[in-house]
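Understanding the architecture of this molecule
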Amino acid sequence: MANPLKNCKLLLTVGQTVMKSWEVIMDTVQEEEEEEEEIQPKTRKMLLRDRWDTHTRLMAHYFDENSVYGEHRFRRRFRMAKHLFLRIVGDVTNIFEYIRQHRDARGADEFSEIQKYAVAVRQLAYGSGSDSWDEYFQMFERVARDSLDEFCRCVVTIYGPRYLRKPTFTDVQSLYAHHASVHGLPGMLGSLDCLHWAWGSCLNACQGQFIRGDKGHPTVILEAVASLDLWI
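On to the packing of aromatic side chains, then. With the rule as written, the count across this model stands at 11 aromatic pairs. An angle of 70° between the planes, with centres 5.9 Å apart, marks the rings of Tyr62 and Phe74 as edge-to-face. Residue Tyr62 is found in helix 2 (residues 51–63), and its partner Phe74 is found in helix 3 (residues 71–78); the two are separated by 12 residues along the sequence. What makes Tyr62 buried here is its relative accessible area of 3%. Here the aromatic residues Tyr62, Phe63, Tyr69, Phe74, Phe78 and Phe85 are joined through ring pairs into a cluster of three or more. Taking NZ or CZ as reference, Arg77 lies 4.4 Å from the ring centre of Tyr69, over its face.

Structure (structure tokens):
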């Protein structure tokens, strides 16, 4: 009959030997990796991005007189009309320094105003990340992200006092008068629009409150009131 105590001592000895061997192997691997790091130069590969070619292609696609994509596709992809986009670019470029085209440390032209605002609007239109437009715009992720931040800040600064404010008493009375004369509905601000937004992360305990029979899944209702000129 085998001795349990003797077997335990044997297993313990084997385990200690395996651990020591494993430590030696790991130390050897670490030393080899450190030697490789010392040998290999710590340099970063330079990506050659042709800014001028990208600008020329962007202008030919959307902004030249005989552009490849017309007004319909521009509005579809930028979520705004072309004349509105160009107006925003002109207004912001005259005030804010960041958007203007400068020269880098090598003396080469940086990205143009059209490029910076195009990548910012496309990020907003598609809800995509800053790195996703590198292939088309040939633009660094940092530049695309900074362009988006600057675009939002500029729009709020320039157009906020007029278009992003609450309606005044005069605005409300003007809307009342318009709808009373056109639709015969006094006291009406505008049309109420409702949208059912799918709520994929709704808790199981709350799904009974947010599921309608015609939808079949949890939704959240978004409501918006718009005036005739879509200002308010």
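Further remarks concern the nonpolar core. Grouped together as the largest cluster of nonpolar side chains are 27 residues, with contacts concentrated most on Leu58, Phe63, Phe78, Phe85, Tyr117, Phe137 and Met139. Those elements that provide at least two residues to this core are helix 2, helix 3, helix 4 (82–93), helix 5 (113–126) and helix 7 (141–163). Contacts of Leu58, omitting those with residues within four sequence positions, involve Phe63, Ile114, Gln115, Ala118, Tyr136 and Phe137.

Enumeration according to the criterion identifies 0 disulfides in this entry. Residue Cys152 stays outside any disulfide, its sulfur separated by 9.2 Å from that of Cys154, the closest cysteine. Assessed through its relative accessible area of 32%, Cys152 is described here as partly exposed. You can see Cys202 has no disulfide; the closest cysteine sulfur is in Cys206, sitting 5.5 Å from it. Here Cys202 falls in the buried class, since its relative accessible area comes to 8%.

Put simply, helix 5 and helix 7 touch, their axes get as near as 8 Å, and they point 85° apart. With respect to their mutual orientation, helix 5 and helix 7 come out roughly perpendicular. Mapping the contact onto sequence places Lys116, Tyr117, Val119, Ala120, Val121, Gln123 and Leu124 in helix 5 and Ala144, Ser147, Leu148, Phe151, Cys152 and Cys154 in helix 7. Across the contact of helix 5 with helix 7, the residue classes break down as 10 nonpolar, 2 polar and 1 charged.

Here is what the cut-offs are and how they apply
- Residues numbered from 1 in each chain as written.
- Predicted model: local features only at pLDDT ≥ 70, side-chain atom pairs only at ≥ 80, totals over all residues.
- Heavy atoms only, no water.
- Phe/Tyr/Trp six-rings, centres within 6.5 Å; stacked < 30°, edge-to-face > 60°.
- Helix = DSSP H or I, 4+ residues; strand = E, 2+ residues; numbered from the N terminus.
- Buried < 20%, exposed > 50% of the residue type's maximum accessible area, 1.4 Å probe, protein only.
- Lys NZ or Arg CZ within 6 Å of the ring centre and 35° of its normal.
- Core = buried A, V, L, I, M, F, W, Y, C linked by side-chain atoms within 4.5 Å.
- Contact = heavy atoms within 4.5 Å.
- Disulfide = S-S within 2.5 Å.
- Axes fitted to C-alpha atoms, helices over the stretch in contact; angles between N-to-C directions.
- Parallel < 35°, antiparallel > 145°, perpendicular 65-115°, else oblique.
- Nonpolar A, V, L, I, M, F, W, Y, C, P; charged D, E, K, R; others polar.

In short, the description is geometric, and any link to function would need to be established separately.
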